[in-house]
Amino acid sequence: MNIILFGPPGAGKGTQGERLAGHYTMLRLSTGDLLREAVRKGTPLGLEARRTMDAGELVPDAVILGLVKEVMAGQREGTGVIFDGFPRTVSQAEGLSTLLAGLGLRLDAVLLLDVADDAIVRRLSGRLFCPSCQAVYNLYSEPPAVPGICDRCGAALSQRDDDREETVRRRLAVYREQTAPVVAWYRARQVPVHVVAGDRDINEVQADLVRILAR
Ligand code: AMP
């Protein structure tokens, strides 16, 4: 099973993607995580991508497709993949389609997490992450036991640079302009698109996603 977790920034794709990956023993492929890792390591790609990410804009399609290709190279006989934060443009969707066909794989469904803009801005402004073990928290919905400290490893929590309000607003505009049209592209190609209300309790959203995938 290969699926896309789709939706605006802050819809819960990362959280739900991790949970689904654990539930089904699938690979979660997050292009945002791959880019942040490149930034952390200070690779040429990371240095180049950082400015684009901090501005809330999209990294070029060719760079993204290169990253995805590398990860997918080992997937022919492997477990299914949950694409998180990819594809973000129609051109990336076309690239993914070619890539999957070349590997003899297909896409089974698009799961769209739907959350209103105001809720997203509130959510992302409350999001914290652990720079050491990458755990993600939210001041409103999943706070750490001790404020500012990671439950898992005890490191001090940080805010992502691109979670500042003005960058979040830009990321939302980019989503509406460049990413949302990808849904119509899949519908036109008969890939099932399931819309799930994302502004609910994390466990309820997960239960809905599992119910859909069980069909
Ligand atoms: P995310 O963690 O998915 O919200 O991604 C964080 C940032 O990384 C985005 O705002 C973009 O700048 C960049 N990014 C992640 N995935 C992609 C993608 N598929 N295409 C272009 N840029 C991406």
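See the structure printed just above.
Just so you know, these numbers come straight off a predicted model, no measurement behind them. (Residues numbered from 1 in each chain as written. Predicted model: local features only at pLDDT ≥ 70, side-chain atom pairs only at ≥ 80, totals over all residues. Heavy atoms only, no water.)

J.: Describe the overall build of the protein, with residues and values.
T.: What the protein contains, in helices and strands, is 9 helices and 7 strands. Its C-alpha atoms give the protein a radius of gyration of 17 Å, within 12% of the compact-globule value 17 Å for 215 residues. Taken over the C-alpha atoms alone, the protein extends approximately 45 × 40 × 35 Å along its principal axes. Out of the 215 residues in the protein, the part that is buried amounts to 46%. Averaging the locations of the 27 positively and 27 negatively charged side chains of the protein gives two centres separated by 2 Å. (Helix = DSSP H or I, 4+ residues; strand = E, 2+ residues; numbered from the N terminus. Rg over C-alpha atoms; globule rule 2.2 N^0.38 Å. Buried < 20%, exposed > 50% of the residue type's maximum accessible area, 1.4 Å probe, protein only. Lys, Arg positive; Asp, Glu negative; His and termini not counted. Charge placed at Lys NZ, Arg CZ, Asp CG, Glu CD.)

J.: Let's hear about the pattern of salt bridges: which residues, and what values?
T.: Opposite charge on two side chains makes pairing possible when the charged atoms of those side chains draw close. Tallied over the full model, the rule gives 21 salt bridges. Here R36 and D33 are joined by a salt bridge, their closest N and O atoms 2.8 Å apart. Placement of the pair is R36 and D33 together in helix 2 (residues 31–41), with a separation of 3 residues, close to one helical turn. For D33, a relative accessible area of 32% puts it in the partly exposed group. The closest approach of N and O atoms between D163 and R171, which form a salt bridge, is 3.0 Å. Each member of the salt-bridge network shares a partner with another, and the members are E18, R28, D33, R36 and D84. (Salt bridge = Lys/Arg side-chain N within 4 Å of Asp/Glu carboxyl O.)

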